[in-house]
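# Summary of the model geometry
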Protein chains: 2
Amino acid sequence: MPKLKGTKEKILETALNLFAQSGYAATSIRDISRRVGIRESAVYNHFKSKEEIFLSIIDKYRFLDLNEKILSDELLEELTTPQRFLITFSNKLIDLWDKPEEKKFMRLLLMEQFSRISGREISVNGLLSELRTLCGMILGEMVKHGIIKKIDPEILADEFIAPLFLIRAEFMVTDESSISEVKKLVEQHVNFFWNAVRL
Amino acid sequence: MPKLKGTKEKILETALNLFAQSGYAATSIRDISRRVGIRESAVYNHFKSKEEIFLSIIDKYRFLDLNEKILSDELLEELTTPQRFLITFSNKLIDLWDKPEEKKFMRLLLMEQFSRISGREISVNGLLSELRTLCGMILGEMVKHGIIKKIDPEILADEFIAPLFLIRAEFMVTDESSISEVKKLVEQHVNFFWNAVRL
DNA sequence: AAATTATATTAACGAACGTTCATTAATTAA
DNA sequence: TTAATTAATGAACGTTCGTTAATATAATTT
């Protein structure tokens, strides 16, 4: 039989697609294997169970490391013009969220966050709180430097993130992203937020 | 055999509990019937399929009719003191969301919104947009009466709702509601929002 | 070239799935 | 009182599930 290189990766990729589309329980090993192009028994050469496939996906995408992915040098240079900074930051976030794999992963998380597959906690809050921490730091610095009003950074972070997240969630259902419309909404939000916090 | 009154309701109630806990696909007719206290075949005296149970649940809880549930007379009297109004409004919303059945229904919606069980669209956005419309109207009136800044009511609605929704979503995972903590967060949000929109 | 390892195949397992069936007891209507 | 309806039962259906075993072949290592 031909050795198809990268079968393991293909299984993970296919499984993410199907899990994100129909949910973990509604997706069978046979569904996955059929799409990969192998028999279901061959899957077990790469993963010892369906749960292990799921957990591998979680582990693969769990590490967002937002700081690295978003905080580029060009962004940090815009810190002197806070409003621009916030818009650029938001758009970077939206672009990140709009990447197909991030989208699918978020869908999977939303669907399975309550199921606790194999005891492991699958939380959307985890991803969110990472983002909240980052925003809290940035906005906290802005407060400290007297760029914006003196408001508890945690509150600022929530107020900044929540509408962005909702915009994102809304456009995750309708698959045709229409990214320009999203960015318009983002800009409107940032303007509102900026007017709320500017001195 | 004894006739147990209300079996149909009991099935719906049990099914909602299990669907909201583990998801539709991971819940079996046997799970449901066992908890109801009948054999799985007896379920089919009341519903012709598993899907019909699911759709019955959706139909039962779909009609929130927010206006009726939230807009009480006492609330409307507070319209002269907008900040108080917003806090009362938010707390009413949180109380509504905190009702066990609403909570479970929202969980179910969050889990199954992407699955499109039996073609029927199951959207969280539907519930959200109803709320957004209501808030848009209220805030639009406030703008028109010169109570708050002149900002697009749709934007105002989004900015007002999003943090509330996120607070809600966050406390849906940790089942111990700690409603007082939620209300503190809500109050902080309303204060932020009020300061952003006041003249 | 031989041995080993990795990856696929076919076949099958027991368990669980949603659903149907004939039957029976209890309730309701005539 | 009888007939019809309702709601339960236990058994069985065909299907699909996750998983395992035995086996064959390709790729890699020796």
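Residues numbered from 1 in each chain as written. Chains lettered and ligands numbered in written order. Predicted model: local features only at pLDDT ≥ 70, side-chain atom pairs only at ≥ 80, totals over all residues. Heavy atoms only, no water.

With that settled, the discussion passes to unusual backbone geometry. Residue and element names in this part refer to chain B. Backbone geometry places Arg 116, a non-glycine residue, at a positive phi of 45 degrees. With respect to the element layout, Arg 116 can be found in the loop between helix H8 (100-112) and helix H9 (124-144). In this structure, Ser 118 takes a positive phi of about 50 degrees despite not being glycine. Tracing the backbone shows Ser 118 in the loop between H8 and H9. (Helix = DSSP H or I, 4+ residues; strand = E, 2+ residues; numbered from the N terminus.)

Quick look at the packing of helix H4 (residues 50-62) of chain A against helix H8 (residues 100-112) of chain A now. Residues and elements named next belong to chain A. The N-to-C vectors of H4 and H8 enclose an angle of 125 degrees; their axes lie 11 Å apart at closest approach. Classed by the angle they form, the pair H4 and H8 counts as oblique. Note that H4 runs across H8; the crossing there is left-handed. Residues Phe 54, Ile 57, Ile 58, Tyr 61 and Arg 62 of H4 form the contact with H8, whose own contacting residues are Glu 101, Phe 105, Leu 108, Leu 109 and Glu 112. Residues of the contact of H4 with H8, tallied by class, amount to seven nonpolar, no polar and three charged. (Axes fitted to C-alpha atoms, helices over the stretch in contact; angles between N-to-C directions. Parallel < 35°, antiparallel > 145°, perpendicular 65-115°, else oblique. Left-handed = near helix turned anticlockwise from the far one by under 90°. Contact = heavy atoms within 4.5 Å. Nonpolar A, V, L, I, M, F, W, Y, C, P; charged D, E, K, R; others polar.)

The next point concerns the interface of chain A and chain B. Interface size is often expressed as the accessible area that is lost when the parts come together. Facing 30 residues of chain A, the contacting portion of chain B comprises 30 residues. Interface of chain A and chain B: buried area, both sides summed, is about 2,900 Å²; carbon and sulfur atoms make up 68% of it. Between Glu 170 of chain B and Arg 132 of chain A there is a salt bridge, and its shortest N-O distance comes to 3.2 Å. The interface formed by chain A and chain B holds four residue pairs in polar contact (both at pLDDT 80 or more) in total. Of all the secondary-structure elements, those providing two or more residues to the side of chain A that touches chain B are helix H1 (7-22), H8, helix H9 (124-144), helix H10 (153-173) and helix H11 (179-197) of chain A. With 10 residues, the single largest contributor to the side of chain A that touches chain B is H10 of chain A. Split by residue class, the side of chain A that touches chain B holds 19 nonpolar, seven polar and four charged. (Buried area = accessible area lost by both parts, 1.4 Å probe. Salt bridge = Lys/Arg side-chain N within 4 Å of Asp/Glu carboxyl O. Polar contact = N/O pair within 3.5 Å; in protein donor to acceptor, adjacent residues only side chain to side chain.)

With that out of the way, let us pick up the nonpolar core. Formed by 141 residues in total, the largest nonpolar core has its most connected members in Ile 53, Ile 57 and Phe 89 of chain A together with Ile 53 and Phe 89 of chain B. Considering every element that reaches this core, the biggest residue donor is helix H10 (residues 153-173) of chain B, with 12 residues. Those residues in contact with Ile 57 of chain A that lie beyond four places of it in its chain are Leu 12, Ala 15, Leu 16, Phe 19, Phe 105 and Leu 108 of chain A. (Core = buried A, V, L, I, M, F, W, Y, C linked by side-chain atoms within 4.5 Å. Buried < 20%, exposed > 50% of the residue type's maximum accessible area, 1.4 Å probe, protein only.)

Looking at the secondary structure, you find His 189 of chain A in helix H11. Along the chain, His 189 of chain A and Leu 164 of chain A lie 25 residues apart, while their C-alpha atoms are 7.7 Å from each other. If near-sequence neighbours (up to four positions away) are discounted, His 189 of chain A is found in contact with Glu 159, Phe 160, Pro 163 and Leu 164 of chain A together with Glu 159 of chain B. Here the side chain of His 189 of chain A touches Phe 160 of chain A through a polar contact of 2.8 Å, landing on its backbone oxygen.

The next thing to look at is the domain arrangement of chain A. Residues and elements named next belong to chain A. We note that the domain assignment places domain 1 (7-59) and domain 2 (63-197) within chain A. Averaged C-alpha coordinates put domain 1 and domain 2 at centres separated by 30 Å. Contacts between domain 1 and domain 2 engage 14 residues on the former and 13 residues on the latter. Roughly 1,300 Å² of surface becomes buried between domain 1 and domain 2 when both sides are summed, with 67% attributable to carbon and sulfur atoms. Linking domain 1 with domain 2 are one salt bridge, by the criterion used here. Close ionic contact of Arg 120 with Asp 59 constitutes a salt bridge, the shortest N to O distance being 2.8 Å. There are four residue pairs in polar contact (both at pLDDT 80 or more) connecting domain 1 and domain 2. Secondary structure elements with two or more residues in the side of domain 1 that touches domain 2: H1 and H4. Across the side of domain 1 that touches domain 2, the residue classes tally to eight nonpolar, four polar and two charged. (Domains from an automatic or database assignment.)

It is worth spelling out the pattern of salt bridges at this point. Residues and elements named next belong to chain A. This structure, assessed with the given rule, holds 28 salt bridges over all chains. As a salt-bridge pair, Arg 84 and Glu 78 come within 3.7 Å of each other at their nearest N and O atoms. Residue Arg 84 is classed as exposed on the basis of its relative accessible area, which comes to 55%. Through salt bridges with shared partners, a single network forms among Asp 59, Arg 62 and Arg 120.

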